[in-house]
Amino acid sequence: METTPNQPRTILSAMQPSGGMTLGNYLGAMKNWAIMSQTDNCYYAVADLHALTVRQNPAELRRNIRNLAAMILACGVNPERATLFIQSQVPEHSVLAWLLTCHTYMGELSRMTQFKDKSAKQENINAGLFTYPSLMAADILLYNANGVPVGADQKQHVELARDIAIRFNNAYGETFAVPEPFIPKYGARIMSLQDPTKKMSKSDENPNAYISMTDDNDTVARKIKRAVTDSDGVIEFDPEHRPGVSNLLTIYAACKGQSAVDAAAEFAGQGYGQLKQAVTDAVQSALAPVQAEYARLLADKEHLNALLRSGAEKASAAGRRTLRKVYRKLGLDM
């Protein structure tokens, strides 16, 4: 199941509909989703089943699911080239998740750092939160994905999916592709505007710390104007010693399609005010076409629903092929 250098990879990536996408999500991941789908066989999921490990308001969740799907499309993912779907509309995910849970050890799940972190922060410590990695493994292995773009916080989950795939293959014969985690070439790590030592997050309690993909021009300008910089006025790309300025340079460079080092050279000798104005202009220009397409997609509900139904049908057909093989290996009838 390995690919040769001339074969496209099969990619699986997913995002939870937890309410609004940030500029960090866009520059760090979503732009890459569009790029990868030009050459690879990509499956992109709105991971609504994963969102259920936290108690949800049903009406709000339903709205967030549609909004996230529309935003993914607005960010450049072409449904003719990539398979975009809502996870809960492809029941094969849940079925395979149970079969893989039966091949996952308690010790493996208890070592997951995300379970430790999340269980320490929330009161609803449910079984789904504990077995979350088995569902994530099913997301990946259902499509025989051999490439999974991840950040450092998700790498451990992909490694568990690898272990489960290898364990299953050794027990029952070649069944699953063994996935490889990778960091996309063009992704940018965007940090908080208020605390540039932390990743930009929509769950930040300070709304000035992140830029939402739906923020209007005035809001974008205000947040960047208030962004933390440094005290000496020097514009230099040095994430360790100048994290605030380096973060602004990273945002500017990612919007412009250049390196942060080149961006720093462009602003040599200028002040923070000039840098912040340039970053504001670059972010507003990047968001404008995305916001326009997002509004168009949400206004045409029937078209959006048709795209998602089509994506779910394609994903389900691919998933059934894998599931039939798994059933046969386990001695089950399908």
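Counting of residues starts from 1 at the beginning of each chain's written sequence and follows it residue by residue. In keeping with the predicted nature of the model, local features appear solely for residues at pLDDT of at least 70, side-chain atom pairs appear and are counted solely at 80 or more, and the whole-chain, interface and lining totals rest on all residues. Just so you know, side-chain values use all the structure's heavy atoms and leave hydrogens and water out.

Quick rundown of helix α4 (residues 92-101)? Include the residues and the values.
The periodicity of an α-helix, 3.6 residues per turn, causes residues three or four positions apart to be oriented the same way. Buried residues are those whose accessible area, probed at 1.4 Å on protein chains only, stays under 20% of the maximum for their type, while exposed residues exceed 50% and partly exposed ones sit between those limits. Numbering of helices and strands runs from the N terminus, with a helix taken as a DSSP run of H or I at least four residues long and a strand as a DSSP run of E at least two residues long. Among the residues of α4, Glu92, His93, Leu96, Ala97, Leu99 and Leu100 are the ones counted as buried. An end-on view of α4 places all buried positions within 165 degrees of arc, on one side of the element. Contacts are assigned to residue pairs that have any heavy atoms within 4.5 Å of one another. The secondary structure elements touched by the buried residues of α4 are β3 (83-86), α7 (127-141), α8 (155-172) and α13 (301-330). Here the arc refers to the set of directions running from the helix axis out to each C-beta atom.

Please set out the side chain of asparagine 146 residue by residue, giving values where relevant.
In this fold, asparagine 146 is placed in the loop between α7 and β4 (147-149). Here a polar contact is taken to be a pair of N or O atoms separated by no more than 3.5 Å, where protein atoms must pair a possible hydrogen donor with a possible acceptor and residues adjacent in sequence count only if both atoms sit in side chains. Among the polar contacts listed, one links the side chain of asparagine 146 to the backbone nitrogen of threonine 10, at a separation of 3.0 Å.

Talk me through the pattern of salt bridges; I want residue IDs and the actual numbers.
One speaks of a salt bridge when a side-chain nitrogen belonging to Lys or Arg is within 4 Å of a carboxyl oxygen belonging to Asp or Glu. Throughout the structure, instances matching the rule amount to nine salt bridges. Aspartate 204 is the salt-bridge partner of lysine 198, the closest N and O atoms lying 4.0 Å from each other. Assessed through its relative accessible area of 41%, lysine 198 is described here as partly exposed. Its salt-bridge partner being arginine 242, residue aspartate 232 comes within 2.6 Å of it at the nearest N-O pair. With a gap of ten residues between them, aspartate 232 in the loop between α9 (217-225) and α10 (243-256) and arginine 242 in the loop between α9 and α10 connect regions that are remote in the sequence. Here arginine 242 falls in the buried class, since its relative accessible area comes to 15%. The network of salt bridges with shared partners includes Asp232, Glu236 and Arg242.

Take it as geometry only, folks, not as evidence of what the structure does.
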